[in-house]
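Structural overview for review
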Amino acid sequence: MRGRKAIATMLGLGIMAGLPSCQENEGASREALETETASRPAEQAGTSAPPEAAPKEGFVLAKASAMLPTGTTGSLLTTVTMLDAAVRKSEKGGSELGRVTNRSKQAFTFEVNSADEVAVTFTIDTSTKEETSRGRFRQGPETAGPMQGEKVRLTRAGTGWAGQLQSAAEVSSDQDKAIRKLEAWLSGEEALAFFGSEPREVGSEWEVDPNRIPGLTEGVDYRGVYRMKFARVTEFKGHSCAVLEGVVDVSGKQVFGIDSSMEVMFRGTAVINRSLEHFENLSEVYTGDLVLVGGSPSEGVST
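Since the structure is predicted, the reported quantities are computational estimates derived from the model, not experimental observations. (Residues numbered from 1 in each chain as written. Predicted model: local features only at pLDDT ≥ 70, side-chain atom pairs only at ≥ 80, totals over all residues. Heavy atoms only, no water.)

This part covers the overall build of the chain. When helices and strands are tallied, the chain shows 2 helices and 15 strands. Out of the 303 residues in the chain, the part that is buried amounts to 45%. Taking the contacts inside the chain whose residues are at least 6 apart along the sequence as the reference set, 63% of them involve residues at least 24 apart. (Helix = DSSP H or I, 4+ residues; strand = E, 2+ residues; numbered from the N terminus. Buried < 20%, exposed > 50% of the residue type's maximum accessible area, 1.4 Å probe, protein only. Contact = heavy atoms within 4.5 Å.)

The structure is reproduced here in structure tokens:
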């Protein structure tokens, strides 16, 4: 398969609703973000601390196990869209060129029950596929993902977190991956990998592990450049935020077997609004081009 795809990844990682901002009174709820990554209004108990900033040393962007106050509730919505990919399928007697669009959406709500327990409920985990072949358009059915309707209880485990699915004795590999992501989110592991623990000054730049890019094909060891820049500090939906701008140019191979692999290449940009008060991304957007070359024989595609 050789396809060129525009990828638009809209993420609201750890979006918090109802946390007091510099423009709100204690206990007031703020409006939901008016984007695909918006959270829904929620409430929390307690007060928010001012941004950790030292004019000479810079701003702290991440802390290990930075916790929201007990009673905080909120939600997160992630959407990933692969737009109008050109795909060549191999068939008997020749090949056929078509176009495919894939869309996926995942959302969950969370509640901080205590400093040692967080409850998460997945409200949406779906995907759809649209395909045009031989001039005919076909809309595939909406497919439920492995976390649709599932509840996860997360508790502290040493310096980290451990998640447990509430509805099943056995956990599938995809469900296990989703739970591991929740654990990394609460522990601050992902944030520390992106931003580090030391204060950063406005204008500073650094490299990020390209395998941390959300929404890309899994099972690929990506190599290349993901360069992040602390562009400025701004007000975003009533919160003091660091605006982070990334430039991405990476590639890697997904191996299906001894004789088959697919090369994945992504080139694009990232824009992140990260709360300096609560150490959470209030919005995160990746936009660019994704190129896939090769594929699994079981997919019926070829280069």
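The end-to-end C-alpha separation of helix α1 (residues 173–187) is 21 Å, in line with the 21 Å expected for 15 residues at 1.5 Å each. Positive backbone phi, approximately 85°, marks G188, located one or two places after α1. (Expected span 1.5 Å × (residues − 1).)

Among the nonpolar cores identified, the biggest contains 29 residues, and L61, F195, W206, Y226, M228 and L244 are the most heavily contacted of them. Those elements that provide at least two residues to this core are β4 (73–91), α2 (189–195), β12 (223–236), β13 (239–257), β14 (260–275) and β15 (281–294). Sort the elements by how many residues they give to this core and β14 lands first, with 5 residues. Filtering out sequence-adjacent residues up to four positions away, W206 remains in contact with L61, F194, F195, R200, Y226, R227, M228, F230 and L244. Core analysis: the next-biggest nonpolar cluster, separate from the first, contains 18 residues, F108, L165, I179 and W185 among them. (Core = buried A, V, L, I, M, F, W, Y, C linked by side-chain atoms within 4.5 Å.)

Okay, the pattern of salt bridges next. Following the criterion strictly, the structure yields 12 salt bridges and no others. A salt bridge links R180 to E183, with the shortest nitrogen-to-oxygen separation between them at 2.7 Å. With R180 and E183 both in helix α1 and 3 residues apart, the pair spans about one turn of that helix. Linking R227 and E205 is a salt bridge whose minimum nitrogen-to-oxygen distance equals 2.8 Å. In this pair, R227 is assigned in strand β12 and E205 in strand β11 (residues 205–207), connecting sequence segments 22 residues apart. On the basis of relative accessible area, E205 is assigned to the partly exposed category, the value being 41%. When salt bridges that share partners are traced, they join D176, R180 and E183 into one network. (Salt bridge = Lys/Arg side-chain N within 4 Å of Asp/Glu carboxyl O.)

For the rest of this paragraph, the subject is the environment of V60. Looking at where V60 falls in the secondary structure, it is placed in the loop between β3 (58–59) and β4. For the pair V60 and R200, spaced 140 residues apart in sequence, the C-alpha separation works out to 6.4 Å.

The phi angle at K237 is positive, at roughly 55°, despite the residue not being glycine. At F279, a position not held by glycine, the phi torsion is positive, near 55°. Tracing the sequence through the fold places F279 in the loop between β14 and β15.

With 5 bridges connecting them, strand β6 (residues 117–133) and strand β9 (residues 151–157) associate as antiparallel partners. Along β9, the bridge assignment pairs V118 with L154. Counting the residues between successive antiparallel strands, the hairpin from β6 to strand β7 (residues 136–139) contains 2 residues, one of them, R134, with a positive phi of roughly 55°. (Pairing = 2+ DSSP bridges.)

This paragraph deals with the confidence of the model for the chain. Overall, the predicted model of the chain reaches an average pLDDT of 78, with 74% of residues at or above 70. With pLDDT under 50 throughout, residues 10–47 is counted as low confidence; its partners more than four residues away or in other chains account for 115 contacts. Across residues 296–303 the pLDDT falls below 50, and counting only partners more than four positions away or on other chains, this stretch makes 20 contacts in the model. (pLDDT = per-residue confidence, 0-100.)

Given two aromatic rings, their pairing is described by the distance between the two centres and the angle made by the two planes. Counted by the stated rule, this structure contains 7 aromatic pairs. Relative to F195, the ring of F194 lies with its centre 5.6 Å away and its plane at 40°, an arrangement referred to as tilted. For the residue pair F194 and F195, the accessibility class agrees, reading buried in each case. Relative to Y286, the ring of Y226 lies with its centre 6.2 Å away and its plane at 70°, an arrangement referred to as edge-to-face. (Phe/Tyr/Trp six-rings, centres within 6.5 Å; stacked < 30°, edge-to-face > 60°.)

This paragraph deals with the side chain of E280. Here E280 shows up in the loop between β14 and β15. Among buried charged residues, E280 stands out as having no salt bridge; its nearest opposite-charge side chain is R274, 5.4 Å away. Within the structure, E280 has its side chain in polar contact with the side chain of W185 (distance 3.1 Å). (Lys, Arg positive; Asp, Glu negative; His and termini not counted. Polar contact = N/O pair within 3.5 Å; in protein donor to acceptor, adjacent residues only side chain to side chain.)

In this section: the side chain of S275. Tracing the chain through its elements places S275 in strand β14. For S275, a relative accessible area of 1% translates into the label buried. Separated by 3.2 Å, the side chain of S275 and the backbone nitrogen of E277 make a polar contact. Side-chain polar atoms of S275 contact the backbone nitrogen of H278, separated by 3.0 Å.

Now for the environment of V291. Looking at where V291 falls in the secondary structure, it is placed in strand β15. We classify V291 as buried; its relative accessible area is 15%. Distance from V291 to V264, taken between C-alpha atoms, is 5.9 Å for residues 27 residues apart in sequence.

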